[in-house]
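# Remarks on the overall topology
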Amino acid sequence: MLQSLIRPHVLRLSVIMALAIVSTAPLCRADDLTADDRAAITESKALRNSFTSDPALLIDGDPATELTTNGANSAFEITIDLGRPCVVDGLRVTNGQTNTSLWIAEAAVGPAADDLPALLGRPVNLLRRPGWVTTIPLPPTVGRYVQIRFAYAQDLSEIQILGRENRPERHYCAWWGDVEKDLRQPMDYFADDLGITDIWLDYVETAFPQTNNNFGLDQLAATGVLEEFRQRGIRYWLGEHEWFTQMVNAPEVLADELAWQTTFRQMRSVYRRARELGFTGIVADAEDYYNHHAWQHSEHWGPDGLYYKRGRQIGELLKEIWDCEIIQMWEGR
């Protein structure tokens, strides 16, 4: 069932709608964005000393050809136009084949060559041996232009910008029953025809009690289907069907410490394993499908009530063990 999503990133709140409203976020697979024919160096500045070879050699894909300078303490700045908006989340730099460079002094990503917010704030060392490769993670950032400044440098072989083309999120809510029929066989349909970026996996092992027949996390991983999602750059989310609502079937439950300690232990076990298996976050479906009084215990409303207390405990524990994004699912029919 194809659903669509509004997700304001500040509120971390999502609303299921009939139309596809989309936003931007990183996917799972990182590509070399400079290998694309659309990528080009648009500006190269020698800040100290001068170039003795063409800076374009930095993105020609051949480590044997290198940018060279006329001094061991050179500094220079390279601006790359990726040719299209991308999500940039890393750099891979191959040092010079004979003479090497010490630092990336700063890296910046932005929508235009004159709008490039800095991402590092301090130098990062390159592995200083001839031809050695350094990979530097960056906070996932949407932009078309990347600017990198090198210091205490001499020669450099190759720069690779890591990430993927920016594309709108498209989320698919999978109420599934059979791994082969419902997830594996339609994989080409999900990736190619629908172009989904994210899949919500309901009916999987959860921390809260629910009325579904749950599939174990490790058993799901053993089928290989999670790896197939990763290979296709599709993020997968843990669906908490009836999150909170099936459990709170009477006001006394909110005060039942034994019940909540069980829930907290389940959270530690299930959510840690979900994180280890590469789940992106939680889709919280807090609809009271069968327990129609879950949110009606008015004596516990407000900041002094037990709804708030238990919600805060859940939030603090979740931040400790996973600190993931939560999509709050709402259905409109």
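Anyway, here's the lowdown on the structure attached to this text. All of these numbers come straight from a predicted model, not from anything done at the bench.

So, on to the overall build of the protein. A count of helical and extended segments in the protein gives seven helices and 14 strands. In the protein, which comprises 333 residues, the share counted as buried stands at 47%. When contacts within the protein are restricted to residue pairs at least 6 apart in sequence, long-range pairs at least 24 apart make up 78% of them. For the protein, the exposed area adds up to about 15,800 Å²; of that, 51% sits on carbon and sulfur atoms.

Quick look at the nonpolar core now. In terms of nonpolar packing, the biggest core is built from 47 residues, with Ile199, Leu201, Tyr271 and Phe279 touching the most fellow members. Leaving out residues up to four positions away in the same chain, tyrosine 271 has contacts with Ala207, Phe208, Leu238, Glu240, Trp243, Gln266, Ile282, Leu318, Ile321 and Trp322.

Here helix α6 (residues 257-276) spans 28 Å end to end across 20 residues, near enough to the 28 Å set by a 1.5 Å rise per residue. Three or more residues of α6 are buried, namely Trp260, Thr263, Phe264, Met267, Val270, Tyr271 and Ala274. Buried residues in α6 make contact with α3 (217-222), β12 (235-241), α5 (251-254), β13 (281-285) and α7 (306-321). For α6, the side-chain oxygen to backbone nitrogen distance between the N-cap and leucine 258 is 3.1 Å, and the N-cap itself is aspartate 256. Of the residues one or two after α6, glycine 278 is the one with positive phi, at around 90°.

Take the pattern of salt bridges next. Across all of its chains, the model carries 20 salt bridges by this definition. Glutamate 165 is paired through a salt bridge with arginine 84; the nearest N and O atoms lie 3.7 Å apart. Of the two residues, glutamate 165 is situated in strand β9 (residues 156-165) and arginine 84 in strand β5 (residues 74-95); the sequence distance between them amounts to 81 residues. Residue class for glutamate 165 comes out partly exposed when judged on its relative accessible area of 37%. The class of arginine 84 is buried, set by a relative accessible area of 8%. We note a salt bridge from aspartate 198 to arginine 235, for which the minimum N-O separation is 2.7 Å.

Here aspartate 81 shows up in strand β5. Taking the relative accessible area as the measure of exposure, aspartate 81 reaches 11% and is therefore buried. Within the structure, the side chain of aspartate 81 is placed 2.8 Å from the backbone nitrogen of glycine 83, a separation counted as a polar contact. A polar side-chain atom of aspartate 81 sits 2.7 Å from a polar atom in the side chain of arginine 144.

So, on to the pairing of β5. Burial analysis of β5 places 19 of its 22 residues in the buried class, which makes it a mostly covered element. Examined bridge by bridge, β5 and strand β8 (residues 133-153) share 15 bridges and lie antiparallel to one another. By the bridge assignment for β8, valine 93 is matched with threonine 134.

Once that is clear, we can look at the packing of aromatic side chains. The way to describe two aromatic rings as a pair is by their centre distance and the angle between their planes. All told, the structure shown has 15 aromatic pairs when counted by the stated rule. Between phenylalanine 244 and tryptophan 295, the ring centres sit 5.1 Å apart and the planes meet at 5°, which makes this aromatic pair stacked. Here phenylalanine 244, found in the loop between β12 and α5, pairs with tryptophan 295, found in the loop between β13 and α7; they are 51 residues apart in sequence, far enough to count as distant. Three or more aromatic residues joined by ring pairs form one cluster here, namely Phe244, Trp260, Phe264, Trp295 and Tyr307.

If you walk across this open sheet you meet the five strands as β10-β11-β12-β13-β14, and the pairing is parallel. The two strands at the open ends of the sheet, each matched to only one other strand, are β10 (171-174) and β14 (325-328). Direction aside, the axes of adjacent strands within the sheet are offset by 25° on average. Here β13 runs beside β14; their pairing, made up of four bridges, is parallel. Each bridged residue has a counterpart across the sheet, and for glycine 281 the counterpart in β14 is glutamate 325.

Looking at the secondary structure, you find histidine 241 in strand β12. Only 3.2 Å separates the side chain of histidine 241 from the side chain of aspartate 202, close enough to count as a polar contact. A distance of 3.5 Å separates a polar atom in the side chain of histidine 241 from a polar atom in the side chain of aspartate 285. Other than its neighbours up to four places away in sequence, histidine 241 contacts Trp175, Asp202, Gln210, Asn212, Asp285 and Tyr289.

Before going further, it helps to examine the packing of α6 against α7. The geometry of α6 relative to α7 is characterised by a closest axis approach of 10 Å and an angle of 30° between their N-to-C directions. Our classification of the angle between α6 and α7 gives roughly parallel. Handedness of the crossing formed by α6 with α7: right-handed. Residues Glu257, Trp260, Phe264, Met267, Arg268, Tyr271, Arg272 and Arg275 of α6 lie in contact with α7, whose contacting residues are Arg310, Gln313, Ile314, Leu317, Leu318, Glu320 and Ile321. Residues of the contact of α6 with α7, tallied by class, amount to eight nonpolar, one polar and six charged.

What counts and what doesn't
Residues numbered from 1 in each chain as written. Predicted model: local features only at pLDDT ≥ 70, side-chain atom pairs only at ≥ 80, totals over all residues. Heavy atoms only, no water. Helix = DSSP H or I, 4+ residues; strand = E, 2+ residues; numbered from the N terminus. Buried < 20%, exposed > 50% of the residue type's maximum accessible area, 1.4 Å probe, protein only. Contact = heavy atoms within 4.5 Å. Areas by Shrake-Rupley, 256 points an atom, 1.4 Å probe, with all protein chains shown as cover. Core = buried A, V, L, I, M, F, W, Y, C linked by side-chain atoms within 4.5 Å. Expected span 1.5 Å × (residues − 1). Polar contact = N/O pair within 3.5 Å; in protein donor to acceptor, adjacent residues only side chain to side chain. Salt bridge = Lys/Arg side-chain N within 4 Å of Asp/Glu carboxyl O. Pairing = 2+ DSSP bridges. Phe/Tyr/Trp six-rings, centres within 6.5 Å; stacked < 30°, edge-to-face > 60°. Axes fitted to C-alpha atoms, helices over the stretch in contact; angles between N-to-C directions. Parallel < 35°, antiparallel > 145°, perpendicular 65-115°, else oblique. Left-handed = near helix turned anticlockwise from the far one by under 90°. Nonpolar A, V, L, I, M, F, W, Y, C, P; charged D, E, K, R; others polar.

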